Amino acid sequence: MSETIFSKIIRREIPADIVYEDDAVLGFSDVNPQAPVHVLFIPKQAIPTLNEATPADAELLGKLLLAAAAYAKQLGLAERGYRVVVNCNEEAGQTVFHLHLHLLAGRRMHWPPG
Ligand code: AMP
């Protein structure tokens with residue numbers, strides 16, 4: 001099991017700006033936003049990184065993506081566009097080892113990312 005600050009957010013032990021919740025997924029605003037909209041979508045069942053995800057997690061991974069898309073549509077940003085990012089391990093910049101999907105929207109994105 002991987003206990004991180006995100007586990008505490010799921011248990012409501014530390015505050016977060018929760019914007020989305022269903023049976024399997026929680027979405028909350030990133031404390032250090034990199035775009036006008038920057039929301040993290042996490043599975044309630046912790047997986048440290050994408051490397052530890054298995055075929056048994058396929059439905060859960062799909063739910064994370066669909067939650068991000070639904071939230072972007074809800075904000076009216078889907079047509080303009082948005083970016084979804086998963087950082088895996090140190091070289092990609094992962095700092096919290098509870099798998100999460102970044103939803104970034106509300107400004108023009110650049111490619112390649114930094
Ligand atoms: P990553 O670098 O992909 O692991 O992303 C971790 C993200 O979690 C960073 O963008 C942080 O700003 C964000 N973060 C860390 N602690 C919190 C917190 N308590 N509430 C909301 N976001 C957080």
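Structural data are supplied above this passage.
Everything numeric in this text was worked out from a predicted model, so none of it was measured.

The five strands lie next to each other as β1-β2-β3-β5-β4, forming an open sheet whose pairing is antiparallel. Only two strands of the sheet have a single partner each, and these edge strands are β1 (18–21) and β4 (82–85). Sheet twist, expressed as the average angle between the axes of neighbouring strands with direction ignored, equals 20°. Note: strand β2 (residues 25–29) against strand β3 (residues 37–43), five bridges, orientation antiparallel. Looking at the pairing, Phe-28 lines up with Leu-40 of β3. Set on the sheet, helix α2 (residues 58–74) makes contact with β1, β2, β3, β4 and β5 (101–105); between it and β3 the angle comes to about 155°.

Once that is clear, we can look at the layout of surface pockets. Counted as a void, the largest pocket has a volume near 390 Å³. Forming the boundary of the largest pocket are 22 residues, of which Phe-6, Asp-30, Val-31, Leu-40 and Val-96 lie nearest the centre. Elements with a minimum of two residues in the lining of the largest pocket: α1 (5–10), β2 and β3. A per-element tally of the lining of the largest pocket places α1 first, with three residues.

A few words now on the site of the ligand. Taken together, 16 residues surround the ligand, and among them Asp-30, Gly-93, Thr-95, His-100 and His-102 come closest. Side-chain polar atom of Asp-30 to an oxygen atom of the ligand: 2.5 Å apart, as the coordinates give it. Between the ligand and the protein, one listed contact pairs an oxygen atom with a side-chain N or O atom of Asn-87 at 2.9 Å. Computed on the free molecule, the ligand has an accessible area of 510 Å², of which 84% lies beneath the protein chains in the complex. According to the grid-proximity analysis, the pocket containing the ligand is the largest pocket.

Turning our attention to the pairing of β2. Among the five residues in β2, four count as buried, and that is most of the element. Sheet topology places β1 next to β2; three bridges connect them, and they run antiparallel. Each bridged residue has a counterpart across the sheet, and for Tyr-20 the counterpart in β2 is Gly-27. Joining the antiparallel neighbours β1 and β2 is a turn of three residues.

Cis geometry is found at the peptide bond from Trp-111 to Pro-112, where omega equals 0°. With respect to the helices, strands and loops of the structure, Pro-112 is situated in the segment after β5. The backbone phi angle of Arg-12 is positive, close to 60°, even though this residue is not glycine. Within the secondary structure layout, Arg-12 lies in the loop between α1 and β1. Note on Arg-12: relative accessible area 45%, which makes it partly exposed. The backbone of Asn-89 shows a phi angle near 70°, a positive value even though the residue is not glycine.

Conventions adopted
- Residues numbered from 1 in each chain as written.
- Predicted model: local features only at pLDDT ≥ 70, side-chain atom pairs only at ≥ 80, totals over all residues.
- Heavy atoms only, no water.
- Pairing = 2+ DSSP bridges.
- Helix = DSSP H or I, 4+ residues; strand = E, 2+ residues; numbered from the N terminus.
- Axes fitted to C-alpha atoms, helices over the stretch in contact; angles between N-to-C directions.
- Contact = heavy atoms within 4.5 Å.
- 1 Å grid on protein atoms, 1.4 Å probe; cavity = no way out; pocket = protein on both sides within 12 Å on 5 of 7 lines; lining within 4 Å.
- Points joined across faces, edges and corners; volume = space filled by probe spheres on them.
- Near = heavy atom within 4 Å.
- Polar contact = N/O pair within 3.5 Å; in protein donor to acceptor, adjacent residues only side chain to side chain.
- Areas by Shrake-Rupley, 256 points an atom, 1.4 Å probe, with all protein chains shown as cover.
- Sits in = over half its atoms within 2 Å of the grid points.
- Buried < 20%, exposed > 50% of the residue type's maximum accessible area, 1.4 Å probe, protein only.

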